[in-house]
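Reading the structure
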Amino acid sequence: MTAKHNKTGDQLKEDPPDIFKAARDDNIYELRFALENGQSLRTTQQTTSLTPLHVAAMRGSTAFIKVATEHDPVASWLQDGQLRTPFDHAAARQDRDSMTYLHNAMYPEANLE
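Residues numbered from 1 in each chain as written. Predicted model: local features only at pLDDT ≥ 70, side-chain atom pairs only at ≥ 80, totals over all residues. Heavy atoms only, no water.

Here's the deal with unusual backbone geometry
Notably, Asp26 is not glycine yet its phi reads approximately 55°, a positive angle. Mapping Asp26 onto the fold places it in the loop between helix H1 (19-25) and helix H2 (28-36). Of note, Ser49 is a non-glycine position whose phi angle comes to about 60°, a positive value. On the accessibility criterion, Ser49 (26% relative accessible area) is partly exposed. (Helix = DSSP H or I, 4+ residues; strand = E, 2+ residues; numbered from the N terminus. Buried < 20%, exposed > 50% of the residue type's maximum accessible area, 1.4 Å probe, protein only.)

Regarding the packing of aromatic side chains
Summed over the entire model, instances satisfying the criterion amount to one aromatic pair. Arranged with centres 5.3 Å apart and planes meeting at 75°, the rings of Trp77 and Tyr107 form a pair that is edge-to-face. On the criterion of sequence distance, the pair formed by Trp77 in the loop between helix H4 (62-71) and helix H5 (86-92) and Tyr107 in the segment after helix H6 (96-106) is long-range, its members being 30 residues apart. Classification of Trp77 as partly exposed rests on a relative accessible area of 40%. Of the residues examined, Tyr107 reaches a relative accessible area of 34% and is grouped as partly exposed. (Phe/Tyr/Trp six-rings, centres within 6.5 Å; stacked < 30°, edge-to-face > 60°.)

As for the side chain of Ser61
Structurally, Ser61 is set in the loop between helix H3 (52-59) and H4. Here Ala23 takes part through its backbone oxygen, which lies 2.5 Å from a polar atom of the side chain of Ser61. Not counting residues up to four positions away in its chain, the partners in contact with Ser61 are Ala23, Arg24, Asp26 and Ala56. (Polar contact = N/O pair within 3.5 Å; in protein donor to acceptor, adjacent residues only side chain to side chain. Contact = heavy atoms within 4.5 Å.)

See below:
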């Protein structure tokens with residue numbers, strides 16, 4: 001994610017990828033960059049135990065969920081501090097697309113597509 005200064009054209013310092021920011025912003029490019037840099041979909045936030053998939057499900061970041069569940073389907077089963085899975089958060093939002101991707105990752109033999 002290299003950027004250049006608008007006026008001078010100088011290369012700006014590159015920000016490291018952030019898998020949680022990618023989840024919030026539904027940014028699959030940052031997700032892929034974060035994964036390439038060793039970040040994990042199983043990482044949890046200290047205070048809430050939310051994973052990037054939980055955050056994406058809470059925000060309706062469907063593209064992130066699709067790519068993330070293809071990369072690591074087991075992460076779909078992780079529970080947050082309230083014992084909820086990402087599917088539970090998507091269901092609370094009635095986000096059918098996210099629910100489908102998460103369900104298919106959790107139960108590949110019962111694919112809903």
